[in-house]
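One letter stands for each residue in the lines below.
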Amino acid sequence: MNFRKSFRSSMLLVLALVLMANAVIFAASKDELTYGEMAGDLKLLDPAMPFVSNEATILTTVMESLVDYPLGEVSTNFAPALAQKWDVSKDGKKYTFYLRKNVKWHHNYGEFTADDVVFSLNRYRDPKESVWAGQYADITEVKKIDKYTVAVTLNKPDPFFLGRVATNTESGSLMMCKKAFEENGSDKMRLFPVGTGAFAFNEYKSKEYVSLVRNESYWGKKANLKKITYLFMPNESSRELALLSGNIDTMRIKSDPKVFERLRSKKFIIDTQGPEILWWFICNTQVKPFDDIRVRQAIAYAINRNDFSGIFGKEVTLPLTTIFTPAYFGALTEKELAASSKYSQNIQKAKQLLADAGYAKGLNVEMLITERSDYQTMMLIIQQQLKQIGINVKLNLVEHTTYHSEIRKSKNPLILYGELSYPEAGIILRRFLHSSACVSKSTAVRNFANYENEKLDAYLEEAEKTYDLKQRGELYKKVQEIAMRDLPMIPVIATRQALIRSPKVDLGYDLKTSLVLGYRFLSPTKKK
């Protein structure tokens, strides 16, 4: 056994050294920056499709939206991006965007105009083309007024509409080039992102890297860096060794207080940015035995949230006892939660619930888990906690992109999922709990539980119709009360994102909060 462990460690070290050797060609220049990706590959670079976090870092560097958040901050202080200004009608149903002139698409696809905005928003609205159709269901018309003016009409006022069209990873907001899609077709465009950003897509090599180059015709300030390379390095040790040797400049880091301490002692900069990633353990309510509320309740009573902070560190970890953290508009707090819907670890109660459901001797189940270290570590903790009540979970390891495609098939019994969104509860409630979002349906979004409740749907739809924020917030809370009673998704923890960079890397802005699960390298970013 010791020999096997030693052999495995040696092979990981060899692999790390090989990856580092390959990375040397990328990290040598002061004008070039290399980022170590947690995933082993990517699946697509089409913003209308269900892209994942490692793809989002690339897409939001290449592509831009109509509006943006202030650099390094997620707030309602929206900043101009491809739209230099906008107007909102008195009834809140019409947004008019006035576009920048002389903005050029990458790869010589011409000027960005109102035609591209109409194409992009209509593509996002089309459920056959986009997973974000539900986010834009309230749009009744996207109209070109002239070459540089677009009007978007809603069927009801939406006080958070600008958040849906701002540059982030959770609303399908990035503008797409109409001409590029018409000439190449959707299939080719899945791995050929054409944007207007400070960096343009250059090359993709499967399971190796993606490279971007500076956009010499950028409408804003020209980027300091000439090239960015994203290396696929799913092994945590490999990434850390590459960082220590100077062969990569930055990476997303495993949340581990020992790792933080070790790297800080070597003068590396660790950024723990918000808002928090919300982690839930989701039960497919259409698959036995998880269609039984008693089994779901037993799982909830098996979870000890304090175990996670000891592994990931209190610096980045918060126990999640309701669906949201208090930072979200419309969040139901623990104090507001009914006593019957509060769950802290109670092994005996969990075992009794299983026995009542007919599983006194326990049960065996298999589930998928991604190769990514944060998912794996968290799931191993949950696996041990469930074992204490007699639920034996066999974990089948798959690549991160495969995980995200497979969990969208309705047969998966259990799913661990971490989500980051603009902090407005309705976005996640619609995405994970509305019946139209069930992954078993053609309108699927992220209702992995295949959970349906007519009353919940009605409350959510009523909330989405009101412009009164107080009333909207109260209706959101009613939705959460139902969800916490039925437990299709069990809250686990919330984690802040942990990113690390060499002291030579200057982001060019103060990173406080971001909806991108990784660094965004923009025009001001440079290497010292």
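In this text, all values refer to a predicted model and were calculated from it rather than measured experimentally.

Engineer: Before we move on, could you go through the overall build of the chain and cite the residues and values that matter?
Structural biologist: When you go through the chain residue by residue, the secondary structure sums to 15 helices and 19 strands. What you see for the chain is a C-alpha radius of gyration of 23 Å, in line with the 24 Å of a compact globule of 528 residues. Counting only C-alpha atoms, the chain reaches 70 × 65 × 40 Å along its principal axes. Per-residue burial over the chain gives 60% buried out of 528 residues. At a minimum sequence separation of 6, the contacts of the chain that also span at least 24 residues come to 71%. Accessible surface, the chain: about 21400 Å² in total, of which carbon and sulfur atoms supply 49%. In the chain, the 74 positive side-chain charges and the 60 negative ones have mean positions that sit 3 Å from each other.

Engineer: Report on the sheet that holds strand β5 (residues 94-99), specifying residues and quantitative values.
Structural biologist: Sheet strands associate in pairs through backbone hydrogen bonding, adopting either a parallel or an antiparallel arrangement. An order of β4-β5-β7-β6 is seen for the four strands of this open sheet, with the pairing classed as antiparallel. Pairing within the sheet leaves two strands with one partner each, and these edge strands are β4 (83-88) and β6 (139-146). Averaged over all adjacent pairs, the angle separating strand axes in this sheet is 20 degrees, with direction ignored. Pairing between β4 and β5: five bridges, direction antiparallel. Across the sheet, the residue bridging to Ala 83 is Leu 99, located in β5. Together, β5, β6 and β7 (149-154) form the strand contacts of helix α3 (residues 114-125), whose direction differs from that of β6 by roughly 170 degrees.

Engineer: Tell me about helix α2 (residues 53-62), and please be specific about residues and values.
Structural biologist: Within α2, 10 of the 10 residues are buried, leaving the element largely enclosed by the surrounding structure. Of all the residues in α2, the buried ones are Ser 53, Asn 54, Glu 55, Ala 56, Thr 57, Ile 58, Leu 59, Thr 60, Thr 61 and Val 62. Each element contacted by the buried residues of α2 is listed here: β1 (32-37), β8 (199-205), β9 (209-214), β10 (227-232), β11 (250-252) and α12 (400-406).

Engineer: Can you break down the environment of Gly 362 residue by residue, with the values?
Structural biologist: Position of Gly 362 among the secondary structure elements: in the loop between α10 (347-356) and β14 (363-370). Expressed as a C-alpha distance, the spacing of Gly 362 and Gln 388, which sit 26 residues apart in the sequence, is 9.9 Å.

Engineer: Run through the pairing of strand β16 (residues 414-419), naming residues and quoting values.
Structural biologist: Burial analysis of β16 places six of its six residues in the buried class, the great majority of the element. Neither face of β16 is exposed, since Leu 414, Leu 416 and Gly 418 on one face and Ile 415, Tyr 417 and Glu 419 on the opposite face are all buried. Bridge analysis of strand β12 (residues 269-283) against β16 gives six bridges, and the strand direction is antiparallel. Looking at the pairing, Cys 283 lines up with Leu 414 of β16.

Engineer: An account of the pattern of salt bridges is requested, with residue identities and associated values reported.
Structural biologist: As enumerated under the stated definition, the model contains 29 salt bridges in all. Across the pair Lys 288 and Asp 291 runs a salt bridge whose closest N-O atoms are separated by 3.3 Å. Using a relative accessible area of 35% as the deciding quantity, one classes Asp 291 as partly exposed.

Engineer: Go over the environment of Arg 252, please, and point to the residues and values.
Structural biologist: By the secondary structure assignment, Arg 252 is in strand β11. With a relative accessible area of 8%, Arg 252 lands in the buried category. Residues Arg 252 and Leu 121, 131 residues apart in the sequence, show an inter-C-alpha distance of 31 Å. Discounting residues that sit within four places of it in the chain, Arg 252 has contacts with Tyr 35, Gly 36, Met 38, Ser 53, Arg 239, Ile 277, Arg 372, Asp 374, Ala 498, Leu 499 and Leu 517.

Engineer: Give me the nonpolar core: which residues, what numbers.
Structural biologist: Grouped together as the largest cluster of nonpolar side chains are 154 residues, with contacts concentrated most on Phe 97, Leu 99, Phe 281 and Leu 416. Of all the elements, β12 adds the most residues to this core, at seven residues. When near neighbours in sequence (up to four residues on either side) are disregarded, Phe 281 contacts Ile 299, Met 367, Met 379, Ile 382, Leu 386, Leu 414, Ile 415, Leu 416, Pro 488, Met 489, Ile 490 and Val 492. Membership of the second largest hydrophobic core comes to 16 residues, among which are Leu 231, Phe 260, Ile 270 and Ala 498.

Engineer: Go over a positive patch on the surface with me, naming the residues and quoting the values.
Structural biologist: Positive charge collects at one region of the surface, where Lys 30, Lys 221, Lys 526 and Lys 528 lie side by side. Tracing the chain through its elements places Lys 526 in strand β19 (residues 526-527). Residue classification places Lys 526 among the partly exposed residues on the basis of a relative accessible area of 38%.

Engineer: Explain unusual backbone geometry to me, using residue names and the numbers behind them.
Structural biologist: For the peptide bond that leads from Lys 288 to Pro 289, omega is 0 degrees, which places it in the cis range. For Pro 289, the location among the structural elements is in the loop between β12 and α8 (293-302). A positive phi angle, close to 65 degrees, is found at Asn 102, a residue other than glycine. With respect to the element layout, Asn 102 can be found in the loop between β5 and α3. Of note in this structure, Lys 207 is not a glycine but carries a positive phi near 65 degrees.

Engineer: Account for the pairing of β5, naming residues and giving values.
Structural biologist: Where β4 folds back onto β5 in an antiparallel hairpin, the turn is made up of five residues, including Gly 92, whose phi is positive at roughly 75 degrees. Sheet topology note: the β5/β7 ladder contains five bridges and is antiparallel. Of the residues in β7, the one forming a bridge with Lys 94 is Thr 153.

Engineer: Run through the packing of helix α6 (residues 236-245) against helix α7 (residues 257-264), naming residues and quoting values.
Structural biologist: Direction vectors running N to C along α6 and α7 enclose 15 degrees, while the axes themselves pass 12 Å from each other. It follows from the interaxial angle that α6 and α7 lie roughly parallel. Crossing angle aside, the handedness with which α6 passes α7 is right-handed. Contacts between α6 and α7 involve Glu 240, Leu 243 and Leu 244 from the former and Val 259, Arg 262 and Leu 263 from the latter.

Rules used throughout
Residues numbered from 1 in each chain as written. Predicted model: local features only at pLDDT ≥ 70, side-chain atom pairs only at ≥ 80, totals over all residues. Heavy atoms only, no water. Helix = DSSP H or I, 4+ residues; strand = E, 2+ residues; numbered from the N terminus. Rg over C-alpha atoms; globule rule 2.2 N^0.38 Å. Buried < 20%, exposed > 50% of the residue type's maximum accessible area, 1.4 Å probe, protein only. Contact = heavy atoms within 4.5 Å. Areas by Shrake-Rupley, 256 points an atom, 1.4 Å probe, with all protein chains shown as cover. Lys, Arg positive; Asp, Glu negative; His and termini not counted. Charge placed at Lys NZ, Arg CZ, Asp CG, Glu CD. Pairing = 2+ DSSP bridges. Axes fitted to C-alpha atoms, helices over the stretch in contact; angles between N-to-C directions. Salt bridge = Lys/Arg side-chain N within 4 Å of Asp/Glu carboxyl O. Core = buried A, V, L, I, M, F, W, Y, C linked by side-chain atoms within 4.5 Å. Patch = residues over 30% accessible without salt bridge, like charges linked within 9 Å, V, L, I, M, F, W, Y side chains within 5 Å. Parallel < 35°, antiparallel > 145°, perpendicular 65-115°, else oblique. Left-handed = near helix turned anticlockwise from the far one by under 90°.

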